[in-house]
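Residue-level structure breakdown
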Amino acid sequence: MNRMGSFDWDLDQGILDFDEAGLRVFDLRPEEYSRRPDGLVLRVEPGEGDRLDREIRRAVQSGRPSYSAYFMVTRRDGTKQWTHTQGTIVRDEQGYARRVVGIVRDARDDFAHSPPPAAAEGIGPAGGVRSFTSTVGRTTEALSHAVSVRDVVAVLTGAGGLQRFGADGLALSLVEGATMRFIATSGELMARMGHPEPVRLVESLPLADAVLTRKPHFVGDIDDLRERFPLIEPYVDKLGLAAGAFLPLIAQSRAIGGIALLYHDRHEFTREQRELGTALAGIVAQSLQRAILFDKEREFATGLQSAMLPRHIPRFEGAEIAVRYHAASSGREVGGDWYDVIALPQNRVGLVVGDVQGHDTHAAAVMGQLRIALRAYAAEGHPPSSVLGRASRFLAELDTERFATCSYAQLDLTTGSVHAARAGHIGPLIRHTDGRTGWPHVRGGLPLGLAGILGLPEFPETRLDLVPGETLVFCTDGLVEERGLDITVGMDALAEAVHHGPQRVEELADHLAERLWQRWGSSDDVALLVLRRNPDPGTIRAPRIHQYVHQADPEGLADARLALRQALTAWGLEDLADDIELAAGELLVNVLLHTEGGAVLTLEVLPEPVRRVRLSVQDRSSVWPRRRSPGEAATSGRGLLMIDVLADSWGVEPRGEGKAVWCEFGPDDEGAEGAEGAEGAEGARRSEGPERPEGAVGAAGAPTAPTG
């Protein structure tokens, strides 16, 4: 059983590890071996080593998945020994060779009835040896892609798993202290028994004994098995067992588990079958050891990353917020993606998504520091441009040689104004109240940590408006980016998924996870943040609608007019639709032509004795409209004159950094029983009252507001 061992060769580090059986093939003691390829010079002559090295290099450079070769080893007593090696080359996504895993074995018996191989590389005997090396090669190839313990189990219990061993049943176990826990079973025989319970290593069972003594048991005589291990008696009859191979899984001189191969029509094991089983057990042991280390590293890294993300998302009056985080499930990598939601004074909220360069625990640690720093700068009251600028300097001063991309926005929940800035990151996606989605143009700067170094520390802000009922979606590039595809493909897919998604943000976040994470796979971390301003329907007596008209949306005007007419019809005020639609068109066109942004349109019913409708168009410009006296040939300048004629009253109000132009419409129904007088009195009160002391005009009067 000492004639075959396994190896794992890290080509990047130059470390070549053999298990205990592998060192015995070379007749080397552990203290004699340096874990480097040149450490084999004690047993492999230079000429043989050069020939083997050429074969391996040829396989690596040609892109072949594996190689097989015979070479001569000189043992401690001076005798010559033919040795065979077979390795599988593990490559990264770019096709570069990173590792070689495989077996080495004493091949002297291969030539008992045939001449030794020629000096040419890779030539060996035929017959059973070819079948042997083919089985080892296929198993090594399958396990070379296994990263986690779950992956190893999938290879052994999936399609072709039992066929590699020629068995009817399989049970795989891991050692946990003084107990052996079964992590996988496969085959018809094991299905009869169900999943076995953990057993103590000291119990008299063949697999436990093989693990405890680190010696395999090949049993073809069931009566002998019953006599040696009485506790197995119930299992023999229940399984219909005829033979079994109970193999310890040994890695770095330590038994980490065991594998049981069960048969119902075999009564003996040939030498080749014993060697094959031992070789496969060695390969499984190496793969499991790597997988166990990977799972531990990943558990630590993901725990660190999770601890640095916010535990709780604050709640805000007037908005729903949902977050999702998805860790990449492939590779040993853990990234630096993060999200954050920051409560700010004056009913404002800060929204952050970002991604630190790299996929390791260092990236997660840098992410935690950067998140805390950015949160502190935001809490100090700085605007987004200053927050990103300070965060960029902070990251540069950490001396980590890492950079980060980030999007940060401040939302005023009272007015719906959004100030956003980007640092090498994608901006937000907006879903409007009518379901349309779009990626507004948000100006940005270089990634954090690079901006100051390259002398471009500015992060310009962009002003957006979020109407009640609209939704903001922030994400990291893992949700929209796929290797080999343009990022716009993923951005279009996200926009489509948001368009067809549910209204509630928790349901929308789950919808995006199901649609897009399954589409792109799990190759990268993803941080997702979704915010929706709560709809503002008003009351039954005083309903209202809001709509944002983007400056770059050619269909926005037509959509806004349609929304107005549908709302007025639903409210029983369709008689006012023509005048209001015309006035809204004039006000919206004025904003889109003469300002640098879009407009927020609000239509509401005022709950007065006689129902009146108020139309308001808000923009970001501080320049107020003024009435002009256009000549007969003029093609513009009549907008406010038209508003004078259509509306009962109109005016201008300051709104933060911009203004809102409003106009009111009342029914023309003469049967309103004094409505005209009441309306006149009420209109006078509105013009003179504290709500609108400036900017109110009569139906034919001049505006009292200042002009500019």
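Structure first, text after, so check above.
The structure contained in this document is the topic of the report that follows. Predicted model only: the values in this text are computed from it and were never measured.

**Section: the nonpolar core**
- Of all hydrophobic cores here, the largest spans 49 residues; its most connected members are Leu-388 and Leu-448.
- For this core, the leading source of residues is helix α11 (residues 361–379), giving eight residues.
- Filtering out sequence-adjacent residues up to four positions away, Leu-448 remains in contact with Leu-370, Leu-388, Ala-391, Ser-392, Leu-395, Phe-403, Ala-404, Cys-406, Ala-423 and Phe-459.
- Counting 39 residues, the second largest nonpolar core, distinct from the first, contains Val-149, Ala-167, Leu-276 and Ala-285.

**Thoughts on the sheet that holds strand β4 (residues 80–91)**
- With antiparallel pairing, the five strands of this open sheet are ordered in space as β2-β1-β5-β4-β3. The sheet terminates laterally at β2 (15–18) and β3 (66–74), the two strands that pair on one side only. Strand-to-strand twist across the sheet, computed as the mean angle between neighbouring axes with direction ignored, equals 25°.
- In the sheet, strand β1 (residues 4–10) pairs with β2 via four bridges, with the strands oriented antiparallel.

**A word on the pattern of salt bridges**
- Overall, the coordinates contain 34 salt bridges when judged by the stated rule.
- Here Asp-8 and Arg-290 are joined by a salt bridge, their closest N and O atoms 2.9 Å apart. Note that Asp-8 is positioned in strand β1 and Arg-290 in helix α10 (residues 271–308), a separation of 282 residues in sequence. Comparing Asp-8 with Arg-290, the two get one shared label, buried.
- Salt-bridge contacts for Asp-340 lead to Arg-375; the nearest nitrogen and oxygen are separated by 2.8 Å. Within this pair, whereas Asp-340 is found in strand β13 (residues 336–344), its partner Arg-375 is found in helix α11, the two being separated by 35 residues in sequence.
- You can call Asp-340 buried: its relative accessible area is 2%.
- For Arg-375, a relative accessible area of 32% gives the class partly exposed.
- One salt-bridge network, held together by shared partners, links Asp-27, Arg-29, Glu-32, Arg-75 and Arg-76.

**Some details on the sheet that holds strand β26 (residues 649–655)**
- The five strands lie next to each other as β23-β24-β25-β27-β26, forming an open sheet whose pairing is antiparallel. Since the sheet does not close on itself, it has two edges, and those belong to β23 (544–549) and β26, each with one partner. In this sheet, adjacent strand axes meet at a mean angle of 20° when their direction is disregarded.
- With seven bridges connecting them, β26 and strand β27 (residues 658–665) associate as antiparallel partners. Looking at β27, one finds that Gly-651 is bridged to Trp-662.
- In this fold helix α15 (residues 556–570) packs onto β23, β24 (599–606) and β25 (612–619), with an angle of close to 175° to the strand it touches most, β23.

Calculation criteria
Residues numbered from 1 in each chain as written. Predicted model: local features only at pLDDT ≥ 70, side-chain atom pairs only at ≥ 80, totals over all residues. Heavy atoms only, no water. Core = buried A, V, L, I, M, F, W, Y, C linked by side-chain atoms within 4.5 Å. Buried < 20%, exposed > 50% of the residue type's maximum accessible area, 1.4 Å probe, protein only. Helix = DSSP H or I, 4+ residues; strand = E, 2+ residues; numbered from the N terminus. Contact = heavy atoms within 4.5 Å. Pairing = 2+ DSSP bridges. Axes fitted to C-alpha atoms, helices over the stretch in contact; angles between N-to-C directions. Salt bridge = Lys/Arg side-chain N within 4 Å of Asp/Glu carboxyl O.

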